[in-house]
Amino acid sequence: ELKVEQNPLFLSMQEGKNYTIYCNYSTTSDRLYWYRQDPGKSLESLFVLLSNGAVKQEGRLMASLDTKARLSTLHITAAVHDLSATYFCAVDGGATDKLIFGTGTRLQVFP
Amino acid sequence: DARVTQTPRHKVTEMGQEVTMRCQPILGHNTVFWYRQTMMQGLELLAYFRNRAPLDDSGMPKDRFSAEMPDATLATLKIQPSEPRDSAVYFCASGKTGELFFGEGSRLTVL
């Protein structure tokens, strides 16, 4: 059974600082997704990573995928308050296209 | 602007009542997923369909939950009878190539 773990679960960081969120998964997969969720809102797709070594960047966020290590990272550069949200990674379960979500990382950026 | 549409957005009901949630996927998407989100369990996959055929509903309590897709424009999730532990936000998501697009969710409260 595919399991997806994120750490940390909670992250409180100061504006301007850098940090990385980690996503580990338990079985082979070549497709990984990152989503953002604001409180009381839906999930918004951030990044789609489709192969080993894939790296995507959007603004202050950069996501990467290492399929051999079964690890994805979401790196935050020079955090700003607007990045405060919960971030989820999701892994494709294989031939079934079933997306299994991680526990989520709740990020709070303060001045 | 294509999006997944869910109704109702909010529902308060009493224990034992039937609840039906509806989802209109994005036109052209061939996979539809139902997820449940709670603080304690996070995002749980309940059921999903590909080309309207149910592929996996192992995450769903079979005795009270049922999911159907009567046509390509409508997916339904029914709970009968509802229980207080069913209180959660239920998300529908649709996709075509793996990436999922989420609706706004149906917030269910069972008293």
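Conventions adopted
Here the residue numbers are simple positions, counted from 1 along each chain's written sequence. Note on labels: chains are lettered from A, ligands numbered from 1, in written order. In view of the model being predicted, local features appear only for residues whose pLDDT reaches at least 70, and side-chain atom pairs are presented and counted only at 80 or more, with totals across whole chains, interfaces and linings using the full set of residues. To get the side-chain values, all heavy atoms of the structure are used, and hydrogens and water are removed first. Here, a disulfide means two cysteine sulfur atoms that sit within 2.5 Å of each other. Secondary structure counts use DSSP, requiring at least four H or I residues in a row for a helix and at least two E residues in a row for a strand, with both numbered from the N terminus. When accessible area is computed with a 1.4 Å probe and restricted to protein chains, residues below 20% of their type maximum are described as buried, those above 50% as exposed, and intermediate ones as partly exposed. Whether two strands pair depends on DSSP finding at least two bridges between them. Think of each axis as a best-fit line through the C-alpha atoms, taken over the contacting stretch in the case of a helix, with angles from 0 to 180 degrees between the N-to-C directions. Contacts are assigned to residue pairs with any non-hydrogen atoms lying within 4.5 Å of each other. When two parts are brought into contact, each loses some accessible area as probed by a 1.4 Å sphere; the total of that loss over both is the buried area. The working definition used for a salt bridge is a side-chain nitrogen of Lys or Arg within 4 Å of a carboxyl oxygen of Asp or Glu. Between rings of Phe, Tyr and Trp, where Trp is taken as its six-membered ring, a pair exists when centres lie within 6.5 Å; planes separated by under 30 degrees are stacked, by over 60 edge-to-face, and by other angles tilted.

(A) Broad picture of the state of the cysteines. One pass over the full model with this rule turns up two disulfides over all chains. What pairs with Cys-23 of chain A in a disulfide is Cys-89 of chain A, and their sulfur atoms sit 2.0 Å apart. Linking Cys-23 of chain A and Cys-89 of chain A, the disulfide has an S-S dihedral of approximately 80 degrees and is accordingly described as right-handed. In this pair, Cys-23 of chain A is assigned in strand β3 (residues 19-25) and Cys-89 of chain A in strand β9 (residues 85-92), connecting sequence segments 66 residues apart. There is no split in this pair, since Cys-23 of chain A and Cys-89 of chain A are both buried. A disulfide bridge connects Cys-23 of chain B with Cys-92 of chain B, and the sulfur atoms are separated by 1.9 Å. Its S-S torsion of approximately -60 degrees makes the covalent link between Cys-23 of chain B and Cys-92 of chain B left-handed. Of this pair, Cys-23 of chain B sits in strand β3 (residues 19-24) while Cys-92 of chain B sits in strand β9 (residues 88-95), and the two are 69 residues apart along the sequence. Assigned by exposure class, Cys-23 of chain B and Cys-92 of chain B land together as buried.

(B) Region of the structure containing the sheet that holds β3 of chain A. Residue and element names in this part refer to chain A. Taken in spatial order, the five strands line up as β1-β3-β8-β7-β6 in an open sheet, and their pairing is antiparallel. Looking at which strands have only one partner, the edges of the open sheet turn out to be β1 (4-7) and β6 (55-58). Averaged over all adjacent pairs, the angle separating strand axes in this sheet is 15 degrees, with direction ignored. With four bridges connecting them, β6 and strand β7 (residues 61-66) associate as antiparallel partners. Its bridge partner lying in β7, Glu-58 is registered against Leu-61.

(C) Region of interest: the sheet that holds β3 of chain B. All names here are of chain B. The sheet built from four strands is open, its strands ordered β1-β3-β8-β7 with antiparallel pairing. Bordering the open sheet on either side are β1 (5-7) and β7 (65-71), each of which pairs with just one other strand. The mean angle between the axes of side-by-side strands here comes to 15 degrees, regardless of whether they run parallel or antiparallel. Note: β7 against strand β8 (residues 74-79), five bridges, orientation antiparallel. Residue pairing for β8: Ser-66 is matched across the bridge by Lys-78.

(D) Spotlight on the interface of chain B and chain A. Every contact between the two is made by 17 residues of chain B and, on the other side, 17 residues of chain A. Between chain B and chain A the total buried area reaches about 1,500 Å² when both faces are included, carbon and sulfur atoms providing 52% of it. Three residues stand out in chain B for area buried against chain A, namely Leu-43, Glu-99 and Phe-102 of chain B, and they jointly supply 30% of the buried area on that side. Counting across the interface, chain B meets chain A through one salt bridge.

(E) Structural context of the pattern of salt bridges. Residues and elements named next belong to chain B. This structure, assessed with the given rule, holds nine salt bridges over all chains. Between Arg-64 and Glu-83 there is a salt bridge, and its shortest N-O distance comes to 3.5 Å. Of this pair, Arg-64 sits in the loop between β6 (53-56) and β7 while Glu-83 sits in the loop between β8 and β9, placing them 19 residues apart in sequence. For Glu-83, a relative accessible area of 23% corresponds to the partly exposed category. Salt bridges linked by common partners bring Arg-64, Glu-83, Arg-85 and Asp-86 together as one network.

(F) Quick peek at the packing of aromatic side chains. Counting across every chain of the model gives nine aromatic pairs over all chains. Their ring planes at 80 degrees and their centres at 5.5 Å tell us that Tyr-35 of chain A and Phe-102 of chain B sit as a pair that is edge-to-face. Taken together, the positions of Tyr-35 of chain A in strand β4 (residues 32-37) and Phe-102 of chain B in strand β10 (residues 100-102) put the pair across two chains. A relative accessible area of 0% means that Tyr-35 of chain A is categorised as buried. Aromatic pair Phe-101 of chain A and Phe-102 of chain B: ring centres 5.8 Å apart, planes at 80 degrees, arrangement edge-to-face. Remark: Phe-102 of chain B occurs in strand β10 and Phe-101 of chain A occurs in strand β10 (residues 99-101); the pair is interchain, linking two chains. Classification of Phe-102 of chain B as buried rests on a relative accessible area of 9%.

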